[in-house]
Amino acid sequence: MRAVSRKTTYILALSGAAVIAAALIGASVLLAGGSSKSAAAETGTTIQGAAAVNDLLAGIPQEGTMLGRRNAPVTLVEYADLQCPYCAHVAVGEFPGIVRDYVRTGKVRVVFNGLSFVGPDSVTALETALSAGAQKRLWHVVQLLYANQGTENTGWVSEELLRGVGGAVPGLDVASMLTGRSAGSISSARQEAQQSANTAGVTGTPSFAVGRTHGVLTLVSGNDAQTVRSALDAALRG
Amino acid sequence: MRLRTAIGALALVGAGIASYLVVVKLSGASAVCPTGGCATVERSKYAELAGIPVALLGLVAYAAMFVTAMRRDEHAAIAGAAIALAGLLYGGYLLVVQLAVIDAVCAWCVASDVVLALLAALAVARLQRTSPD
């Protein structure tokens, strides 16, 4: 067989590499990137607050129900129902400031202790958020559900809304989030959250408990931002 | 000979990584993950291409690299360099996706990227030695 010149071998190798790489990357952009952008649009649902939520949470570590640095010195637990109107008021109006001042700075980590006592929509919403937690996106879904909250138990937590919310979260596999809800671990996590609230003596939502990480957490007597901030400051002083 | 041996050995290492990720993907298990982002990456849309797990594509590519390392002819050298460079480009693209879109990094994918980078360097060196001036 005739020897191929060095120049020709380089051209053949580089052309082959370029064609294969272009085909793979092009297919990936079209199949994965394309569907990601159209996920919310396909549902016809307008998701409020997506840009603000994505900006607020960008780059902050998430692990299951936890937001913030794992070894932050202080832990804040939020007991809330995704259908509770005042929880939504706090989440949309006051929580972003706490995230910016305490969580993003590494001082505090927040744990979402979701409850579902208001009704069936609470259960669907919470199970979806917990399922998103497996992809480290629980807080995105929680904040977006609050930002798009409807009237209690009217069926507002529809598959259409959930697909829209999921499609608005960067990097979230919406299909996995929805199918993951039926896992046994999700329903047991929901029950454990309720037991944890009972043990803590929670009587209404939202309620907050604050304390040193791995130490004893104490329920905050009030749920406005200033009270929570004061409790966080006191815990940080140690 | 040494170059081909090194390419063959690296292809086997890459095939080992890819095989593990294929098994994890198909069994629905979670990969052992020191960085904590493997499950997020593995469950993302980018982990499949038209329904085919990307790890399986990687396994096929590493197997092909191994075959090219076993053959002496220059066509095998050209094919090996083309596959390794394409793999490196695609791996680089997926690394950017992990950092910029998925916001999670899969340590196994990064390990595979390192193997691909070494394979690409060796395959190009082989090409240089194989072809006449």
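The structure this text deals with has already been given above.
It should be emphasised that the depicted structure is a prediction, and the values quoted were computed from it without experimental measurement. (Residues numbered from 1 in each chain as written. Chains lettered and ligands numbered in written order. Predicted model: local features only at pLDDT ≥ 70, side-chain atom pairs only at ≥ 80, totals over all residues. Heavy atoms only, no water.)

As for the sheet that holds strand 1 (residues 62–63) of chain A
Residue and element names in this part refer to chain A. Put simply, the test is: Strands were regarded as paired on the criterion that DSSP finds at least two bridges between them. By definition, any uninterrupted DSSP run of H or I lasting at least four residues is a helix, any uninterrupted run of E lasting at least two residues is a strand, and each is numbered from the N terminus. Throughout, a residue-residue contact means that at least one pair of heavy atoms, one from each residue, lies within 4.5 Å. For helices, the axis comes from a line fit to the C-alpha atoms of the stretch in contact; other axes are also lines fit to C-alpha atoms, and the angle between any two N-to-C directions lies between 0 and 180 degrees.
Here six strands make up an open sheet; going across it, the order is 1-2-4-3-5-6 and the pairing mixed. At either end of the open sheet lies a strand with only one pairing partner, and these are strand 1 and strand 6 (218–219). Of the strand pairs in this sheet, strand 3 (residues 74–81) and strand 4 (residues 108–115) are connected by eight bridges, and their pairing is parallel. Within the sheet, the bridge partner assigned to valine 74 lies in strand 4 and is valine 108. Relative to strand 5 (residues 207–212), helix 10 (residues 225–237) is tilted by about 15°, and along the sheet it contacts strand 3, strand 4 and strand 5.

Details of a nonpolar patch on the surface
Put simply, the rule is: A patch consists of residues exposed above 30% relative accessible area that lack any salt bridge, with like charges linked at up to 9 Å and nonpolar side chains (Val, Leu, Ile, Met, Phe, Trp, Tyr) linked at up to 5 Å. Using a 1.4 Å probe, accessible areas were evaluated by the Shrake-Rupley method; residue-level cover was limited to the displayed protein chains. We define a salt bridge as a side-chain nitrogen of Lys or Arg found within 4 Å of a carboxyl oxygen belonging to Asp or Glu.
On the surface, Ile52, Leu56 and Val60 of chain B cluster together into a nonpolar patch covering about 230 Å² of accessible area. Mapped onto the secondary structure, leucine 56 of chain B falls in helix 3 (residues 54–70).

As for unusual backbone geometry
Residues and elements named next belong to chain A. What counts is decided by this rule: For every residue, the accessible area (1.4 Å probe, protein chains only) is compared with the maximum for its type, and the residue is labelled buried under 20%, exposed over 50%, or partly exposed between those bounds.
Between threonine 205 and proline 206 the backbone carries a cis peptide bond, its omega angle lying at -5°. As for its placement among the helices and strands, proline 206 is situated in the loop between helix 9 (184–200) and strand 5. For lysine 136, which is not glycine, the phi torsion reads 60° and is therefore positive. As for its placement among the helices and strands, lysine 136 is situated in the loop between helix 5 (120–133) and helix 6 (138–147). On the accessibility criterion, lysine 136 (18% relative accessible area) is buried.

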